[in-house]
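These are the residues of each chain, in order.
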Amino acid sequence: VIGPADSDGGSAASEVLAHAAPLVAAWDRRVDPKMQEVLPGFGRMLASLTHASPEETLACGSLLVLLRLSRSPQPLFRNVVLHSQYLTAFPGRERVEEVLHRAVDIGHAHPDSPEAAVSELAESVDPSSALGALAIGTLAALYGETRPSATRFADALSIAVAHRGARAASAAVCGQLLGMYNGPGIIPRPWIEQLDLATTASGVITDLLAAVGPLP
C-alpha cells in the first residue's frame, strides 16, 4: 500500500515511511539476499534528505527491515524483536528499539483495547514524528494479525488513525506491513474501486511488478 504524504501534522521524514514497500520490492531481486543488512542505512540515507534526527531517519530504515522480514510466515511481534539485530551499527537504535518493543508490550497488555493501547503508546513517543508513526502503525498491524481475515485490513487501519499525530503515515505503515505479510488481496475491493485514481494506481503497480517481478 503506497500512502500519501502527510498533511496532518506529520514530519517530513514520514513521507519516506509511506513509500517504503515498493523500495523493498524493487531491491529484493537486485541486492544481496541478506538485504535486511543493507536496508537500515538505505532508509536513513533517504530520510536524511528531509530530516536530521538519528531516531527519525533510522525509523525509516527500521521499517524497511520490518517489511523485508514480513515476507516470512513468522508473526510480526517476532520480526520486531528479530529486526533489532540489523540496527546495531546505527545511532539512535536504542530509542527505536525501545519504542517498537514498547508497542509490542502494550499490544500484549491490552489485547481487547486497541484505542487505549494507542493512547498509552502516544505518551511514550510523539505521534507526529516518523518514529511515532512507525510505532503506532506497527501496533495497529499487530492488532490486525488477531482479527478475522475479512475485516483485518479495515480494523487495523481504523486503529492506526486513532490519534492526533501523523495519521496518514501510521496508516501507511500499518497497511504496508499487512500487505507485505498477507498479499494485496487483503485490501477490500470496494476501497480500491472508490479511489479517484484507481486505474492510475493499478497501472503503477502493474509497471512495478513488471520491472521487479512478482513477489514470491
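Residues numbered from 1 in each chain as written. Predicted model: local features only at pLDDT ≥ 70, side-chain atom pairs only at ≥ 80, totals over all residues. Heavy atoms only, no water.

## Side note on the environment of M180
Structurally, M180 is set in helix α10 (residues 167-182). Accessibility expressed as a relative area gives 11% for M180, which makes it buried. Taking C-alpha positions, M180 is 9.1 Å from L69, a pair spaced 111 residues apart along the chain. (Helix = DSSP H or I, 4+ residues; strand = E, 2+ residues; numbered from the N terminus. Buried < 20%, exposed > 50% of the residue type's maximum accessible area, 1.4 Å probe, protein only.)

## A closer look at the packing of helix α4 (residues 54-69) against α10
Where α4 meets α10, the closest approach of the two axes is 8 Å, and the angle between their N-to-C directions is 25°. The pairing of α4 with α10 is recorded here as roughly parallel in orientation. For α4 against α10, the interelement crossing comes out right-handed. For the pair α4 and α10, contact is made by L63, L66 and L67 and by V173, Q176, L177 and M180, respectively. (Axes fitted to C-alpha atoms, helices over the stretch in contact; angles between N-to-C directions. Parallel < 35°, antiparallel > 145°, perpendicular 65-115°, else oblique. Left-handed = near helix turned anticlockwise from the far one by under 90°. Contact = heavy atoms within 4.5 Å.)

## Quick notes on the packing of helix α8 (residues 130-145) against helix α9 (residues 152-160)
Closest axis-to-axis distance for the α8/α9 pair is 8 Å, and the angle between their directions is 150°. Classified by the interaxial angle, the pair formed by α8 and α9 is roughly antiparallel. The element α8 and its partner α9 pack so that their crossing is right-handed. Packed against α8, whose contacting residues are I136, A140, Y143, G144 and E145, the element α9 presents R152, A156, I159 and A160 at the interface. Residue composition of the contact of α8 with α9, grouped by class: 6 nonpolar, 1 polar and 2 charged. (Nonpolar A, V, L, I, M, F, W, Y, C, P; charged D, E, K, R; others polar.)

## Topic: α10
Here α10 is 16 residues long and its end C-alpha atoms lie 22 Å apart, about the 22 Å a rise of 1.5 Å per residue gives. Summarising burial for α10: 12 of the 16 residues are buried, a large majority. One or two positions beyond α10, positive phi appears at G183, with a value near 95°. (Expected span 1.5 Å × (residues − 1).)

## Notes on the side chain of S70
Relative to the elements of secondary structure, S70 occurs in the loop between α4 and α5 (76-83). Only 2.7 Å separates the side chain of S70 from the backbone oxygen of L66, close enough to count as a polar contact. (Polar contact = N/O pair within 3.5 Å; in protein donor to acceptor, adjacent residues only side chain to side chain.)

## So, the packing of aromatic side chains
One pass over the full model with this rule turns up 1 aromatic pair. Residues F153 and W191 carry aromatic rings whose centres are separated by 5.5 Å and whose planes lie at 65° to one another, so their mutual orientation is edge-to-face. One end of the pair, F153, is in helix α9; the other, W191, is in helix α11 (residues 189-193), with 38 residues separating them in the sequence. Exposure remark for F153: the relative accessible area of 3% places this residue in the buried category. (Phe/Tyr/Trp six-rings, centres within 6.5 Å; stacked < 30°, edge-to-face > 60°.)

## Quick look at the pattern of salt bridges
Inspection of the entire model under this criterion finds 6 salt bridges. E97 is the partner of R93 in a salt bridge, and the nearest nitrogen-oxygen pair spans 3.7 Å. Remark: E97 and R93 occur in helix α6 (residues 93-109); sequence separation between them is 4 residues, near one turn of the helix. Overall, the relative accessible area of 23% leaves R93 in the partly exposed class. Given the relative accessible area of 13%, E97 is considered buried. In this structure, R147 engages D155 in a salt bridge whose closest nitrogen and oxygen atoms are separated by 3.9 Å. Connected through salt bridges with shared partners, the residues R93, E94 and E97 form a single ionic network. (Salt bridge = Lys/Arg side-chain N within 4 Å of Asp/Glu carboxyl O.)

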